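What the coordinates show
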Amino acid sequence: MAVPEFHRFLRPVLETAQDGIVRHWREYERAAIERFALTDEDLRQLLPGGGRTRVADRLQWALTYLRKARLLENVARGRSQITARGTLYLAEAPAEIRPKDLLQFEEFADFANCARSLAGGAGPSR
């Protein structure tokens, strides 16, 4: 399987977090690797420039989006935990969460509007 688009990581991250345990981003990464049955070849894919793997990049964007929507919160450096909002949302979330689904949260909409206004700004790799 090819590395999925970053938005496909959104629901698996929330599902992993639903038990309320504080996790390091590497734990979310391991859970996603298992969920998507990624191969060693998939895990070796680097972004252009070679600094980060495609899996780590997509996971980090998913974590960022979930934090901006306040579905996850940073607890310590590199460590996140689900919020009460995240638990409630997960119960009603679609099977595949897309960025547009997060626009219902004001904080995420503000983030998305700001990101759109920055010409040539960074964004998730597809």
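Provided above is the structure to which this section pertains.
Anyway, here's the lowdown on the structure attached to this text. Along each chain, residues carry numbers from 1 onward, in the same order as the chain's sequence is written. Local features are withheld for residues below a pLDDT of 70 in this predicted model, meaning they are given only at 70 or higher, and side-chain atom pairs are given and counted only at 80 or more; totals for whole chains, interfaces and linings count all residues. Excluded from the side-chain calculations are hydrogens and water; all other atoms, namely the structure's heavy atoms, are used.

1. Concerning the pattern of salt bridges
To be explicit about the condition: Each reported salt bridge corresponds to a side-chain nitrogen of Lys or Arg within 4 Å of a carboxyl oxygen of Asp or Glu. Secondary structure elements follow DSSP: runs of H or I no shorter than four residues count as helices, runs of E no shorter than two count as strands, and numbering proceeds from the N terminus. The rule is simple: take the accessible area with a 1.4 Å probe, protein chains only, and divide by the maximum for that residue type; under 20% is buried, over 50% is exposed, in between is partly exposed.
Enumeration according to the criterion identifies nine salt bridges in this entry. Residue arginine 85 is joined to glutamate 107 by a salt bridge in which the shortest nitrogen-to-oxygen separation is 2.9 Å. Residue arginine 85 is located in helix α5 (residues 84-92), and its partner glutamate 107 is located in helix α6 (residues 106-117); the two are separated by 22 residues in the primary sequence. For glutamate 107, a relative accessible area of 25% puts it in the partly exposed group. Sharing partners across several salt bridges, the network here consists of Arg8, Glu96 and Arg98.

2. Here we look at the sheet that holds strand β3 (residues 79-82)
Put simply, the rule is: Being paired, for any two strands, means DSSP has found at least two bridges between them.
One open sheet holds the three strands; their spatial order is β1-β3-β2, and the pairing between them is antiparallel. The outermost strands of the open sheet, each flanked by one partner alone, are β1 (23-24) and β2 (72-76). Note: β2 against β3, four bridges, orientation antiparallel. Looking at the pairing, alanine 76 lines up with arginine 79 of β3.

3. With respect to the packing of aromatic side chains
Keep this limit in mind: Note on ring pairs: Phe, Tyr and Trp rings are taken, using the six-membered ring of Trp, and paired if centres are within 6.5 Å. Classes follow the plane angle, with under 30 degrees stacked, over 60 edge-to-face and the rest tilted.
The full count for this structure, using the stated rule, is seven aromatic pairs. Grouped by ring-pair contacts, the aromatic residues Phe6, Trp61, Tyr65, Phe108 and Phe111 constitute a single cluster.

Function cannot be inferred from these measures alone, as they are strictly geometric.
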